[in-house]
Amino acid sequence: LGDTYRELKKYEESIMYYDRVLDFDPVNVFALRGIGDSYRGILHHKRAIPYWLRYLERNKDDIYVMVRLAESFNKTGDFDKAEDFYVRALNVNPEDKYALLGLGSLYYKIEEDDNAFKYFEKLLSLDDSYVAVHTMVGNIFRRRKDYKSASAYYEKAISFEPDNSF
């Protein structure tokens, strides 16, 4: 029932059912992942983290959960752990778009522009349609006062979304 309520976005109810499962089976990977996703759904990132960590003890290469953990660490301000889990995900799959976007965005947020650019460029080489990434790379060039390069990235973003206000 936890999965059903989670899919209906009734996260409080899903948490209740996942908790019941974990009372009987504290290492149930379906409940650990589901309760983590449910807490994420109600923006309780700090509460999601320990469940996903327990889940990864049993499923070490689950990129989905690694990226979720990284996002939660990022949201809670633990940038070092966020970086660690994005990198771990990329070690499993160097072309994971969510990990590339997440790590690039993390570096962009903390103004490590060279690192951000590296991951954004990799992502754009896989899928050139990320308007937000074109915009952020344009902003990186603008911060560097390279307005010609910034303009090229902004124009690319606008080519995908002509009404983009960014």
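Scroll up to find the structure this text is about.
Residues numbered from 1 in each chain as written. Predicted model: local features only at pLDDT ≥ 70, side-chain atom pairs only at ≥ 80, totals over all residues. Heavy atoms only, no water.

Caption draft 1: Expanded view of the overall build of the protein chain. Each helix and strand in the protein chain was counted, giving 10 helices and zero strands. Overall, the protein chain shows an N-to-C arrangement of helices and strands of α-α-α-α-α-α-α-α-α-α. Dimensions along the principal axes, computed over C-alpha positions, put the protein chain at roughly 60 × 30 × 25 Å. By the burial criterion, 40% of the 166 residues in the protein chain qualify as buried. Accessible surface, the protein chain: about 9500 Å² in total, of which carbon and sulfur atoms supply 51%. With 25 positive and 29 negative side-chain charges, the protein chain shows a spacing of 2 Å between the two charge centroids. (Helix = DSSP H or I, 4+ residues; strand = E, 2+ residues; numbered from the N terminus. Buried < 20%, exposed > 50% of the residue type's maximum accessible area, 1.4 Å probe, protein only. Areas by Shrake-Rupley, 256 points an atom, 1.4 Å probe, with all protein chains shown as cover. Lys, Arg positive; Asp, Glu negative; His and termini not counted. Charge placed at Lys NZ, Arg CZ, Asp CG, Glu CD.)

Caption draft 2: Just the packing of helix α7 (residues 97-109) against helix α8 (residues 113-126), in detail. At their nearest, the axes of α7 and α8 sit 8 Å apart, and the two run at 150° to each other. As the angle between them shows, α7 and α8 are arranged roughly antiparallel. The two elements α7 and α8 cross, and the hand of that crossing is left-handed. Along its contact with α7, which presents K97, L100, L101, L103, G104, S105, Y107 and Y108, the element α8 presents N115, A116, Y119, F120, K122, L123 and L126. When the residues that make up the contact of α7 with α8 are grouped by side-chain class, the tally is 10 nonpolar, three polar and two charged. (Axes fitted to C-alpha atoms, helices over the stretch in contact; angles between N-to-C directions. Parallel < 35°, antiparallel > 145°, perpendicular 65-115°, else oblique. Left-handed = near helix turned anticlockwise from the far one by under 90°. Contact = heavy atoms within 4.5 Å. Nonpolar A, V, L, I, M, F, W, Y, C, P; charged D, E, K, R; others polar.)

Caption draft 3: Layout of helix α6 (residues 79-92). Here α6 contains 14 residues, and its C-alpha end-to-end distance of 20 Å stays within 8% of the 20 Å for a straight helix at 1.5 Å per residue. If you check which residues of α6 are buried, you get A82, F85, Y86, A89 and L90. The buried residues of α6 occupy an angular sector of 140° when projected down its axis, which confines them to one face. Along α6, the residues that are exposed and aim more than 90 degrees away from the buried face are D80 and N91. Those residues of α6 hidden inside the fold are in contact with α4 (45-58), α5 (63-75), α7 and α8. (Expected span 1.5 Å × (residues − 1). Arc of directions from axis to C-beta.)

Caption draft 4: Spotlight on the environment of A157. Mapped onto the elements of the fold, A157 is located in helix α10 (residues 147-160). Residues A157 and K122, 35 residues apart in the sequence, show an inter-C-alpha distance of 17 Å. Residue contacts for A157: discarding those within four places in its chain leaves V131, H134 and T135.

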